Amino acid sequence: MTSIYALIRVDGSMQFRDGIPDHGTGAPFTIQRAAWGGHGLHGDIGDARGCAGGQLLNSMATFVVHALGGPDQRILGDLTIGGDRFESGSGKTMPCGLTEAQQHLIRDVHSAVRRNAGAAEG
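Below: a short report on this structure. (Residues numbered from 1 in each chain as written. Predicted model: local features only at pLDDT ≥ 70, side-chain atom pairs only at ≥ 80, totals over all residues. Heavy atoms only, no water.)

## Focus: the overall build of the protein chain
Here is step 1 of the chain: Looking only at helices and strands, one finds two helices and six strands in the protein chain.
Here is step 2 of the chain: In the protein chain, the succession of α and β elements from N to C terminus is β-β-β-β-α-β-β-α.
Here is step 3 of the chain: A buried classification covers 37% of the 122 residues belonging to the protein chain.
Here is step 4 of the chain: In the protein chain, 58% of the contacts between residues at least 6 apart in sequence involve partners at least 24 apart. (Helix = DSSP H or I, 4+ residues; strand = E, 2+ residues; numbered from the N terminus. Buried < 20%, exposed > 50% of the residue type's maximum accessible area, 1.4 Å probe, protein only. Contact = heavy atoms within 4.5 Å.)

Right under this line is the structure:
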């Protein structure tokens with residue numbers, strides 16, 4: 001099974017990439033908590049290399065995180081969204097790739113936010 005994460009750039013574009021992003025020097029935060037038998041979502045400011053992408057406001061990522069039920073915070077720079085799974089033995093969450101359902105959810109939310117932004121501009 002391939003591990004996938006989402007990357008939302010400052011320009012509003014989004015793509016899915018292979019791998020599990022390394023938190024490195026980024027600022028990870030919970031978007032949706034993992035629960036018994038389920039997967040959660042975490043965000044990390046900066047891409048998989050830990051680059052903060054500058055201090056530009058990432059409006060698209062800010063709105064996507066909010067629409068996914070994440071914290072009400074402004075996202076600066078690129079944002080990665082990865083999965084979390086609950087390890088029953090340790091009681092901790094561990095990073096993992098996004099499930100297909102999570103990928104569809106993130107893609108749909110990103111598209112809806114983009115449509116709403118376009119309608120607001122027009």
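## Thoughts on the environment of Ile31
Here is step 1 of the chain: Residue position: Ile31 is located in strand β3 (residues 27–32).
Here is step 2 of the chain: On the basis of relative accessibility, which here comes to 5%, the residue Ile31 falls in the buried class.
Here is step 3 of the chain: The sequence separation of Ile31 and Pro71 amounts to 40 residues, and the corresponding C-alpha distance is 6.6 Å.
Here is step 4 of the chain: Among all residues touching Ile31, those that are not within four sequence positions of it are Leu41, His42, Gly43, Val65, Leu68, Gly69, Gly70, Pro71 and Ile81.

## A look at the pattern of salt bridges
Here is step 1 of the chain: In total, this model carries one salt bridge according to the counting rule given.
Here is step 2 of the chain: Arg9 serves as the salt-bridge partner of Asp78, at 2.6 Å between the closest nitrogen and oxygen. Of this pair, Asp78 sits in the loop between α1 (59–67) and β5 (79–87) while Arg9 sits in the loop between β1 (4–8) and β2 (14–18), placing them 69 residues apart in sequence.
Here is step 3 of the chain: Take Arg9: its relative accessible area is 22%, and that puts it in the partly exposed class. (Salt bridge = Lys/Arg side-chain N within 4 Å of Asp/Glu carboxyl O.)

## Some remarks on the pairing of strand β6 (residues 92–96)
Where a strand is regular, its side chains alternate between the two sheet faces.
Here is step 1 of the chain: In terms of strand pairing, β5 meets β6 through five bridges, oriented antiparallel. From the neighbouring strand, Gly83 faces β6, where its bridge partner is Cys96.
Here is step 2 of the chain: Adjacent in sequence and paired antiparallel, β5 and β6 are bridged by four residues, among which Gly91 carries a positive phi angle near 75°. (Pairing = 2+ DSSP bridges.)

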